[in-house]
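Here is what each chain is made of, one letter per residue.
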Amino acid sequence: MTKDLTQGSPVRLILGFALPLLAGMLFQQLYNLVDTLIVGRFLGMEALAGVGATGSINFLVLGFCMGICSGFAIPVAQQFGAHEESRMREFVSNGTWLSIVFAVVMTVLTVVYCADILRLMNTPEDCFDQAYNYIVVIFAGIPFTFLYNLLSGWLRSLGDSKTPLFFLVLSSVLNVILDLAFILIFKLGVFGASLATVLSQAISGMLCLLFIAVKVPILHITREEWRPQSKRMVELCAYGVPMGLQYSITAIGSILLQSANNALGTACVAAFTAAMRIKMFFICAFESLGIAMATYTGQNYGAGKPERIWQGIKASSLLMMIYAVFTFTILMSASDKISLLFVDASETEILKNTVLFLHVSCYFFPILGLLCILRYTIQGAGYTNLAMLSGVSEMIARTLVSI
């Protein structure tokens, strides 16, 4: 189930690797889209605003988790490209120990201080309870976020982007079923929406674990390799922590924007929520190209083939521009119709602001796409601190806009 990305056409390899990633990300966004659609349609605008008011803090915390897991996967890809299998498994085992510690600490802190965090973000009082009921369950599910992202990151490091997609498809279907059951039948409100998301991710993570145990012998760790090694843990933290901080630093800027937007009232929060769900769905392609470049770069860097990295940058940039033009055409012509998936036609103010947000955003998609490609490329080569600096730049820009 492994795939060597150090030989063959860069365009074909990157596209073949990125397409399953894109499909997986779309299914992940389906989690959020289904939550938002069902909440908006069946629970009303207050509930929709409650879910939306947690978007940035959700990104801050879970983004840090996913960034750490992505960073832990980089040395695995590099050692796989260098054909150092025992050393690769040492990184896998030590990454497991570190992930357990991070997951426990983050779960306890976020659940205990959840209400205080929402107050700091100026969450509107009329949707505060809804926001709390939603995000506290998401935080309680942080261990499952680590489980899926860590395991899927290892599989992608070995060149397998299809297996994580398969498990996401199954869990996404389950998420839809649980959403409808918890909200429409058991009347659990936004608590039910978040519970469906957590349970679905838990199942996808467990399926990844079972698959590795049965089908991926290269990741089967010996008793000696399970021994914690401080040297490997330091190396892993050098990759994972800067990537986690990069996500979080970017999210801090998003939180400032979210707080400024929350202060404008429930109508603006609802519009922001709907628009962000739509935007995130459309920019999945940029993220998938970026993640593909991280694995492609990691393997080629480990194999000592820097010239292929430059070829990959050119190939992924071409693919990105083609998609950016396609997306621009769709959003400029159909944003109003797409927005009706989340907002009732009678909510004219919310619809107007949603469309405005999407129209402005799509002008900057080519810049966003190039940022994803270059940032993930330098991460794949191990320059995680430099990638974190770009996150700092984003935070400064978002802060200035918020002020």
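The shown structure was predicted, so the numbers you read here are calculated from the model rather than taken from an experiment.

1. As for the side chain of Q246
- You can see Q246 is positioned in helix α10 (residues 230–262).
- One polar contact links Q246 to Q379, side chain to side chain, over a distance of 2.3 Å.
- Apart from the residues lying within four places of it in its own chain, the contact partners of Q246 are R375, Q379, A387, M388 and G391.

2. Looking at the confidence of the model for the protein
- Taken as a whole, the protein shows an average pLDDT of 89; of its residues, 98% reach a score of 70 or greater.
- Predicted confidence in the protein is weakest over helix α2 (residues 45–52), with a mean pLDDT of 79, and strongest over helix α4 (residues 85–112), with 97.

3. Concerning the packing of aromatic side chains
- Using the criterion set out here, one finds eleven aromatic pairs in the structure.
- When the ring of F286 is compared with that of Y323, the centres are 5.5 Å apart and the planes differ by 80°; the resulting orientation is edge-to-face. Note that F286 is positioned in helix α12 (residues 284–302) and Y323 in helix α13 (residues 306–339), a separation of 37 residues in sequence.
- F286 gets classed as buried once you look at its relative accessible area, which sits at 1%.
- Note on Y323: relative accessible area 22%, which makes it partly exposed.
- Relative to Y363, the ring of F328 has its centre 5.2 Å away and its plane inclined at 75°; by these criteria the two rings are edge-to-face. With a gap of 35 residues between them, F328 in helix α13 and Y363 in the loop between α14 (348–362) and α15 (365–380) connect regions that are remote in the sequence.
- By relative accessible area, which is 29% here, F328 ends up partly exposed.
- Aromatic ring contacts, followed pair by pair, group F286, Y323, F326 and F365 into a single cluster.
- The residue whose ring lies beneath R232 is F91, and the NZ or CZ to ring-centre distance is 5.0 Å.

4. Concerning the nonpolar core
- V39, I57, I142, F146, W154, V216 and L219 are the most contacted members of the largest nonpolar core, which totals 102 residues.
- Of the residues forming this core, the biggest block, eleven residues, is contributed by helix α3 (residues 55–81).
- Ignoring any residue separated from it by four or fewer positions in sequence, one finds V39 in contact with G44, A47, L48, V51, I183, V190 and A193.

5. Quick notes on the packing of α13 against α14
- Contact geometry of α13 with α14 gives a least axis separation of 9 Å together with a crossing angle of 165°. Taken together, α13 and α14 sit at an angle that is classed as roughly antiparallel. Of the two elements, α13 crosses α14, and the hand of that crossing is right-handed. Taken together, the residues of α14 that come into contact with α13 (itself represented by F328, L331, M332, S335, D336 and S339) are L351, T354, V355, L358, H359 and C362.
- Its residues assigned to classes, the contact of α13 with α14 comprises seven nonpolar, four polar and one charged.

6. Description of α2
- Burial runs high along α2: seven of the eight residues are buried.
- Taken together, the buried positions of α2 are occupied by M45, A47, L48, A49, G50, V51 and G52.

7. What to know about the pattern of salt bridges
- In the structure shown here, the tally under the stated rule is seven salt bridges.
- E224 is paired through a salt bridge with R227; the nearest N and O atoms lie 3.3 Å apart.
- Note that R232 is salt-bridged to E235, the shortest N-O span being 2.8 Å. Highlighted residues: R232 and E235, both in helix α10, separated by three residues, approximately one helical turn.
- Linked through salt bridges whose partners overlap, the residues forming this network are E90, R232 and E235.

8. Points about the packing of helix α8 (residues 162–185) against helix α9 (residues 189–215)
- Running from amino to carboxyl end, α8 crosses α9 at an angle of 155°, the nearest separation of the two axes being 8 Å. Taken together, α8 and α9 sit at an angle that is classed as roughly antiparallel. When the axes of α8 and α9 are compared, the crossing they make is right-handed.

9. Thoughts on unusual backbone geometry
- Although it is not a glycine, H83 sits at a positive phi angle of roughly 60°.
- The residue H83 is located in the loop between α3 and α4 in this model.
- Backbone geometry places K187, a non-glycine residue, at a positive phi of 55°.
- Turning to its location among the elements, K187 is positioned in the loop between α8 and α9.

10. Side note on the environment of S288
- By the secondary structure assignment, S288 is in helix α12.
- The class of S288 is buried, set by a relative accessible area of 2%.
- S288 sits 39 residues away from I249 along the chain, and the two C-alpha atoms are 21 Å apart.
- Here S288 is in contact with A18, L21, L22 and M25, once residues within four sequence places are set aside.

11. A closer look at the state of the cysteines
- Enumeration according to the criterion identifies zero disulfides in this entry.
- Cysteine C208 remains unbridged, with the sulfur of C69 as its closest cysteine sulfur at 12 Å.
- Classification of C208 as buried rests on a relative accessible area of 0%.
- Cysteine C362 remains unbridged, with the sulfur of C372 as its closest cysteine sulfur at 16 Å.
- The exposure class of C362 is buried, given its relative accessible area of 1%.

What counts and what doesn't
Residues numbered from 1 in each chain as written. Predicted model: local features only at pLDDT ≥ 70, side-chain atom pairs only at ≥ 80, totals over all residues. Heavy atoms only, no water. Helix = DSSP H or I, 4+ residues; strand = E, 2+ residues; numbered from the N terminus. Polar contact = N/O pair within 3.5 Å; in protein donor to acceptor, adjacent residues only side chain to side chain. Contact = heavy atoms within 4.5 Å. pLDDT = per-residue confidence, 0-100. Phe/Tyr/Trp six-rings, centres within 6.5 Å; stacked < 30°, edge-to-face > 60°. Buried < 20%, exposed > 50% of the residue type's maximum accessible area, 1.4 Å probe, protein only. Lys NZ or Arg CZ within 6 Å of the ring centre and 35° of its normal. Core = buried A, V, L, I, M, F, W, Y, C linked by side-chain atoms within 4.5 Å. Axes fitted to C-alpha atoms, helices over the stretch in contact; angles between N-to-C directions. Parallel < 35°, antiparallel > 145°, perpendicular 65-115°, else oblique. Left-handed = near helix turned anticlockwise from the far one by under 90°. Nonpolar A, V, L, I, M, F, W, Y, C, P; charged D, E, K, R; others polar. Salt bridge = Lys/Arg side-chain N within 4 Å of Asp/Glu carboxyl O. Disulfide = S-S within 2.5 Å.

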